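Here's the letter readout for the chains.
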Amino acid sequence: MKGQEVFARLKPYYNNQQYRFEVPFEDYDGIRAFLDGRGYGLVVVDALDAFVVVVTKYTAHPENMFKASVIQRSVDDYSCFLLTDQVAVEQAVHEGATRLTDTDLENPF
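Asks: What is the right way to read the pairing of strand 5 (residues 78-83) from this model?
Replies: The two faces of a sheet get side chains in turn, since along a regular strand they alternate between them. A large share of strand 5 lies buried, amounting to five of its six residues. Where strand 3 (residues 52-56) and strand 5 come together, five bridges link them in antiparallel fashion. Across the sheet, valine 52 pairs through a bridge with leucine 82, a residue of strand 5. Linking strand 4 (residues 69-75) to strand 5, which pair antiparallel, is a turn of two residues; within it aspartate 76 sits at a positive phi near 50 degrees.

Asks: Whenever I open this one, the pattern of salt bridges confuses me. Can you help?
Replies: Within the structure shown, the criterion is met by two salt bridges. In this structure, arginine 38 engages glutamate 5 in a salt bridge whose closest nitrogen and oxygen atoms are separated by 3.2 Å. Pair noted here: arginine 38 is in the loop between helix 2 (25-36) and strand 3 and glutamate 5 is in helix 1 (residues 2-10), with a separation of 33 residues, a long-range link. Arginine 38 gets classed as partly exposed once you look at its relative accessible area, which sits at 25%. With relative accessibility at 39%, the residue glutamate 5 sits in the partly exposed group.

Rules used throughout
Residues numbered from 1 in each chain as written. Predicted model: local features only at pLDDT ≥ 70, side-chain atom pairs only at ≥ 80, totals over all residues. Heavy atoms only, no water. Buried < 20%, exposed > 50% of the residue type's maximum accessible area, 1.4 Å probe, protein only. Helix = DSSP H or I, 4+ residues; strand = E, 2+ residues; numbered from the N terminus. Pairing = 2+ DSSP bridges. Salt bridge = Lys/Arg side-chain N within 4 Å of Asp/Glu carboxyl O.

Here it is, written out as structure tokens:
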């Protein structure tokens, strides 16, 4: 029931095209307080580069890449993935992906 209550409260902020919640600045404190009271926490990420990994298009991808990605974009001959957390980034790099910060590519997000 807790998960259903939380999703119902957040549903107006869900962007189903991007598969993410987008909370406007003016609603952020209220949503943060609501989630804190239910055992959830928010982490503000303002430096996305640290969460982006890159693989060459049309090659084998690390196993966790699609499950752990928030969004994917193509740039030239590369696929760029914005991942959910640093654990996912570390796993993807361990399995052959490259951190965006270790390339000459611009962040496509």
